[in-house]
Amino acid sequence: MQITPDNIIFYQYQFVVINATLVYTWLTMALLVIGAAWVTKKLVVRPKLPPWQNFLEIVVDGIYQHIAEVNQQEPEPYLAFVGTLFLFILTANLLTVVPGYQAPTGSLSTTTALAIAVFIAVPIYGIRQRGILGYLKSYLQPTPIMLPFQIIGEFSRTLALAVRLFGNIMSGNLLAAILLALVPLFVPVAMNLLGLVFGVIQAYVFAILALVYIASAATVQEKKQSISMEENS
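Calculation rules
Residues numbered from 1 in each chain as written. Predicted model: local features only at pLDDT ≥ 70, side-chain atom pairs only at ≥ 80, totals over all residues. Heavy atoms only, no water. Helix = DSSP H or I, 4+ residues; strand = E, 2+ residues; numbered from the N terminus. Expected span 1.5 Å × (residues − 1). Buried < 20%, exposed > 50% of the residue type's maximum accessible area, 1.4 Å probe, protein only. Arc of directions from axis to C-beta. Contact = heavy atoms within 4.5 Å. Polar contact = N/O pair within 3.5 Å; in protein donor to acceptor, adjacent residues only side chain to side chain.

Observations concerning helix α1 (residues 20-39)
Residues spaced three or four apart along an α-helix face the same direction, because each turn holds 3.6 residues.
Next up, step 1: Its 20 residues give α1 an end-to-end C-alpha distance of 28 Å, which sits within 8% of 28 Å, the value for a rise of 1.5 Å per residue.
Next up, step 2: Three or more residues of α1 are buried, namely Ala20, Thr21, Tyr24, Thr25, Thr28 and Val39. Seen along its axis, α1 keeps its buried residues to an arc of 130°; they face one direction. Turned more than 90 degrees away from the buried face of α1 sit Trp26, Val33, Ile34 and Trp38, all of them exposed.
Next up, step 3: The inward-facing, buried residues of α1 abut β1 (9-13), β2 (16-19), α2 (51-71), α3 (76-94) and α4 (108-137).
Next up, step 4: Sitting at the head of α1, asparagine 19 places a side-chain oxygen 3.3 Å from the backbone nitrogen of threonine 21.

With respect to the environment of tyrosine 101
Next up, step 1: Within the fold, tyrosine 101 resides in the loop between α3 and α4.
Next up, step 2: For tyrosine 101, a relative accessible area of 9% puts it in the buried group.
Next up, step 3: Remark: the alpha-carbon pair of tyrosine 101 and proline 5, spanning 96 residues in sequence, is separated by 9.4 Å.
Next up, step 4: When neighbours within four sequence positions are excluded, tyrosine 101 is seen to be in contact with Tyr24, Leu27, Thr28, Ala92, Leu95 and Thr96.

Printed below as a string of structure tokens:
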């Protein structure tokens, strides 16, 4: 029983190792890129849209609207990054219904890479919205004594993102393997359905947490300005 796709080695020569995590990560990315290119190759604006274009527009609009509801800001700056995170994790988790496929999100290296992407995106969005001085000042608020705790919080938040997704996917795979070994005739269908629901939830949670972290870095200053204006009035 393989708990993580890192243990499945397809090719190894000296320090070069190609495992299931690497293969299925690139496969998932290829499916998303090729699928998006195919659907958007001939976009139309007529009332009757092709089924796949209609489906893609529903997905993108759903993500757009949800970002607006959670963030209470213009969703456009966050749509590409948060939407990509959600679709990659969602696709990787849903493809587990394909025999032989191993979700790359069951590898700590993949979830760490995703968490690092969020870690890098937070200051980028924060500086873009507030300027570099405004963003750096947030580490000194409400008092400069909080600086080390703010820095620790940034790293611990990244670690929590990576471990949470990895732990949930790995534990789900482990539970499914144990149940399949105990009741092989009745469990497979139910576990596949449960795995699909579980995969959707994990993709949603990761994307929402990423959005909250990014948005908080970009909007703290705006909130403080509005509070100050209310107090002055």
